[in-house]
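Per-entry structural report
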Amino acid sequence: MKVIECKNLTKTHGRHKALDQLSVTIEENKITGLVGRNGAGKTTLLKILAGFWRESSGEVNVFSRRPFDSLFVSANTIFVDDQMNFPTALTLKEILEQADQFYENWDMELAERLFDYFSFRPGQNYSSLSKGKESTFNMIIGLCSRCALTMLDEPTTGMDAAVRRDFYRALLKDYLAHPRSIIISSHHLDEIEELLEDLLLIEDGQNYLHMPVEELKEYAVGLSGSPEEMTKWTRGKEVIYSKRTDAGMYAVVKNDFSDHELERMTLAAINVSTVSPGDLCVYLTERTKGGIDDVFDKA
Ligand SMILES: Nc1ncnc2c1ncn2[C@@H]1O[C@H](COP(=O)(O)OP(=O)(O)OP(=O)(O)O)[C@@H](O)[C@H]1O
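Since the structure is predicted, the reported quantities are computational estimates derived from the model, not experimental observations. (Residues numbered from 1 in each chain as written. Predicted model: local features only at pLDDT ≥ 70, side-chain atom pairs only at ≥ 80, totals over all residues.)

**Regarding the overall build of the protein chain**
Looking only at helices and strands, the protein chain has 12 helices and 13 strands in total. Judged by the C-alpha coordinates and their principal axes, the protein chain covers about 70 × 45 × 45 Å. Scored against the burial criterion, the 299 residues of the protein chain give a buried share of 32%. Partitioning the contacts of the protein chain with sequence separation of at least 6, the portion at a separation of at least 24 is 67%. (Helix = DSSP H or I, 4+ residues; strand = E, 2+ residues; numbered from the N terminus. Buried ≥ 20, exposed ≤ 12 C-beta atoms within 10 Å, placed from the backbone. Contact = placed C-beta atoms within 7 Å.)

**Details of the sheet that holds strand β1 (residues 2-13)**
Each strand in a sheet pairs with another by means of backbone hydrogen bonds, the pair being arranged parallel or else antiparallel. If you walk across this open sheet you meet the three strands as β2-β1-β4, and the pairing is antiparallel. The open sheet has two edge strands with one neighbour each: β2 (16-27) and β4 (57-62). This sheet shows a mean twist of 20° between the axes of neighbouring strands, independent of strand direction. Across the sheet, helix α1 (residues 42-49) is in contact with β1, β2 and β4; its angle to β2 comes to roughly 60°. (Pairing = 2+ DSSP bridges. Axes fitted to C-alpha atoms, helices over the stretch in contact; angles between N-to-C directions.)

**What about the nonpolar core?**
By size, the foremost hydrophobic cluster in this structure holds 64 residues, and its most contacted members are Leu45, Leu46, Leu49, Val80, Ile140, Met151 and Ile184. With six residues, helix α5 (residues 131-144) is the single largest residue contributor to this core. Residues lining this core come from more than one domain, with at least three contributed by each of domain 1 (2-216) and domain 2 (217-297). Discounting chain neighbours no more than four positions away, the residues touching methionine 151 are Leu46, Leu49, Ala50, Thr77, Ile78, Phe79, Val80 and Ile183. (Core = buried A, V, L, I, M, F, W, Y, C linked by C-beta atoms within 7 Å. Domains from an automatic or database assignment.)

**Structural notes on the site of the ligand**
What surrounds the ligand is the set His13, His16, Ala18, Gly36, Asn38, Gly39, Ala40, Gly41, Lys42, Thr43 and Thr44. Listed by contribution, the elements that provide at least two residues to the shell around the ligand are β2 and α1. Considering each element in turn, the shell around the ligand owes the most residues, three residues, to α1. Class assignment for the residues of the shell around the ligand results in two nonpolar, eight polar and one charged. (Near = placed C-beta within 6 Å. Nonpolar A, V, L, I, M, F, W, Y, C, P; charged D, E, K, R; others polar.)

**Section: unusual backbone geometry**
Here the phi dihedral of phenylalanine 63 falls at roughly 50°; this positive angle occurs in a residue that is not glycine. For phenylalanine 63, the position within the fold is in the loop between β4 and α2 (71-76). One non-glycine residue, aspartate 204, lies in the positive phi region at around 50°. Note on placement: aspartate 204 falls in the loop between β8 (198-203) and β9 (206-212). Residue aspartate 204 is classed as partly exposed on the basis of its 17 C-beta neighbours within 10 Å.

**With respect to the domain arrangement of the protein chain**
Domains assigned within the protein chain are domain 1 (2-216) and domain 2 (217-297). In this structure, domain 1 and domain 2 have C-alpha centres spaced 34 Å apart. Looking at the side of domain 1 that touches domain 2, the elements that each hand over two or more residues are α7 (189-192), β8, β9 and α8 (213-218). If you tally residues by element for the side of domain 1 that touches domain 2, the top one is α8, at four residues.

Written out as structure tokens, the structure reads:
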């Protein structure tokens, strides 16, 4: 079943199109990674899906309903980001109790176990938490609400490496026990890659690529070798990224090579390597010519 369907979804802020005719369909019970460069439109998309923002044009459906102002969508959706607002008068424990009242599938037992594990104190106030602890508390709310559509926007902001690892593990364990549709936006694709089934890459407010992570791993190969051999083997191919190296050249090339071609390349002293989904997404959406070094070299 489709949980999300967007057709030509556009959102303008003034004259700027944060989403530009974006079309995408997301099936239920999958963990989808939402990635894209800064300003690509990820948060805008999530806020529209959560019903917080109204679309400017196009169609958007969540559980087959327009999300804006929909009680059904808000009861079955949670949006977690680093700007969550909780009543200042409530202690952390009271916030959990309120969440228990609001979310039908709320798991209080899990919430209390996570609360203790991450060393929160019941009488603490949300406003007294450090950045990383705020994110950890938000994550408890996001997980334990067990909403049919759970959207996490950069959920690990401020968390240290150990807490991030625990968070990913908790997310995966809970998802396996209680499958639901989860969208997680992150700039650290390498860290979440193992959790994900699908990846949606947004660029300039458009759906640049939406595919299973396993397919994305095969999407391109890294080739390196002498400039002569590299020119020969990349002729007529889609070169996504290239740079000069001490040994010659390195290029990331769309992988439509046959096994036979890959074998012949190796014999021709071309080194063939895999390209991680994280690196590939950066290369696919590279906006600057050259790199940061050029900024300094031109000075
Ligand atoms: N409230 C707003 N008013 C005006 N412009 C906005 C507003 N919110 C977002 N934008 C603009 O819309 C575009 C998309 O922003 P958005 O926050 O959705 O990107 P993002 O992919 O989440 O970026 P990041 O990775 O930096 O968080 C940006 O150009 C941003 O400046």
